[in-house]
Amino acid sequence: MAFRLSNPFENERRLSQSVIQVIDILGMYHAELARILGQQCSDIGELTSGKRCIRKDSEAWRQGVLFIETYHQLFDYFEGDSVAMYHWMRAHNKHLEGTPHFLIVDDGKLQNIYDYLLQANLNKSSSR
């Protein structure tokens, strides 16, 4: 079930919990989150267990914020339909020239996916 995260950027603990929630919602692996944040798999294990948090003002923090903002754009575009969100992430997108999930994890194109979804949401709201 997809839901909008409340106050995900409030502090280090909240951001750390929020990125874990997003990978659970989107059906992603800890190793994939490690790649997105530029961390090691063991770092993600420590995040999930609460032994460690993402440090504010780090590259991992910036990537975590962008990851959550991208999730919120995806959530808004599909109006919280978790099945549609999951499918979109794993289907080839001709405009992006790839599969969003793999573009994010393998190609480091999280910003591209965020920009695409932001524009899609703007187009959607202006056509109403």
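In the block above lies the structure referred to throughout.
On to the overall build of the chain. Check the secondary structure of the chain and you find seven helices and zero strands. Tracing the chain from N to C terminus, the helices and strands come up as α-α-α-α-α-α-α. Projected onto the principal axes, the alpha-carbon positions of the chain cover approximately 45 × 30 × 25 Å. Evaluated residue by residue, the chain yields a buried proportion of 47% over its 128 residues. By sequence separation, contacts in the chain at least 24 residues apart represent 58% of the contacts at least 6 residues apart. Summed over its atoms, the accessible surface of the chain is roughly 7,100 Å², and 47% of this surface lies on carbon and sulfur atoms. Of the side chains in the chain, 14 bear a positive and 16 a negative charge, and the two mean positions are spaced by 2 Å.

Now for the packing of helix H4 (residues 59-77) against helix H5 (residues 82-90). Angle between the axes and distance between the axes: these two values describe a pair of packed helices. Packing of H4 against H5 brings their axes to within 9 Å, and their N-to-C directions diverge by 120°. Relative to H5, the element H4 is oriented oblique. The interaxial crossing formed by H4 with H5 has right-handed handedness. Contacts between H4 and H5 involve Tyr 71, Leu 74 and Phe 75 from the first element and Met 85, Trp 88 and Met 89 from the second. Looking at the contact of H4 with H5 residue by residue, the class counts come to six nonpolar, no polar and no charged.

Quick look at the packing of aromatic side chains now. Here the structure, examined in full by the defined rule, presents four aromatic pairs. On the basis of an interplanar angle of 45° and a centroid distance of 6.2 Å, the ring pair of Tyr 71 and Phe 75 is categorised as tilted. With Tyr 71 and Phe 75 both in helix H4, this residue pair falls four residues apart, about one helical turn. Seen in terms of ring centroids, Tyr 77 and Phe 78 are 4.9 Å apart; in terms of plane orientation they differ by 85°. Their pairing is edge-to-face. A residue is classified by how much of its surface remains accessible, and Phe 78, at 19% relative accessible area, is buried. When the ring centre of Tyr 77 is taken as origin, the NZ or CZ atom of Lys 124, which lies over that ring, is 4.9 Å away.

In this structure, Phe 67 and Tyr 71 are the most contacted members of the largest nonpolar core, which totals 39 residues. The set of elements that each furnish at least two residues to this core consists of helix H1 (12-26), helix H2 (30-37), helix H3 (41-49), H4, H5, helix H6 (100-105) and helix H7 (110-126). In terms of residue count, the dominant contributor to this core is H4 (nine residues). Apart from residues lying up to four places away in sequence, Phe 67 is in contact with Val 19, Val 22, Ile 23, Met 28, Leu 33, Ile 36 and Leu 110.

What follows is about the packing of H4 against H7. It is the contact of H4 with H7, at a shortest axis distance of 9 Å, that shows an interaxial angle of 30°. Taken together, the axes of H4 and H7 lie roughly parallel to each other. For the pair H4 and H7, the sense of crossing is left-handed. In this structure, H4 contributes Gln 63, Leu 66, Phe 67, Glu 69, Thr 70, Gln 73, Leu 74, Asp 76 and Tyr 77 to the contact, and H7 contributes Leu 110, Gln 111, Ile 113, Tyr 114, Leu 117, Leu 118, Ala 120, Asn 121 and Lys 124. By residue class, the composition of the contact of H4 with H7 is 10 nonpolar, five polar and three charged.

How each quantity is defined
- Residues numbered from 1 in each chain as written.
- Predicted model: local features only at pLDDT ≥ 70, side-chain atom pairs only at ≥ 80, totals over all residues.
- Heavy atoms only, no water.
- Helix = DSSP H or I, 4+ residues; strand = E, 2+ residues; numbered from the N terminus.
- Buried < 20%, exposed > 50% of the residue type's maximum accessible area, 1.4 Å probe, protein only.
- Contact = heavy atoms within 4.5 Å.
- Areas by Shrake-Rupley, 256 points an atom, 1.4 Å probe, with all protein chains shown as cover.
- Lys, Arg positive; Asp, Glu negative; His and termini not counted.
- Charge placed at Lys NZ, Arg CZ, Asp CG, Glu CD.
- Axes fitted to C-alpha atoms, helices over the stretch in contact; angles between N-to-C directions.
- Parallel < 35°, antiparallel > 145°, perpendicular 65-115°, else oblique.
- Left-handed = near helix turned anticlockwise from the far one by under 90°.
- Nonpolar A, V, L, I, M, F, W, Y, C, P; charged D, E, K, R; others polar.
- Phe/Tyr/Trp six-rings, centres within 6.5 Å; stacked < 30°, edge-to-face > 60°.
- Lys NZ or Arg CZ within 6 Å of the ring centre and 35° of its normal.
- Core = buried A, V, L, I, M, F, W, Y, C linked by side-chain atoms within 4.5 Å.

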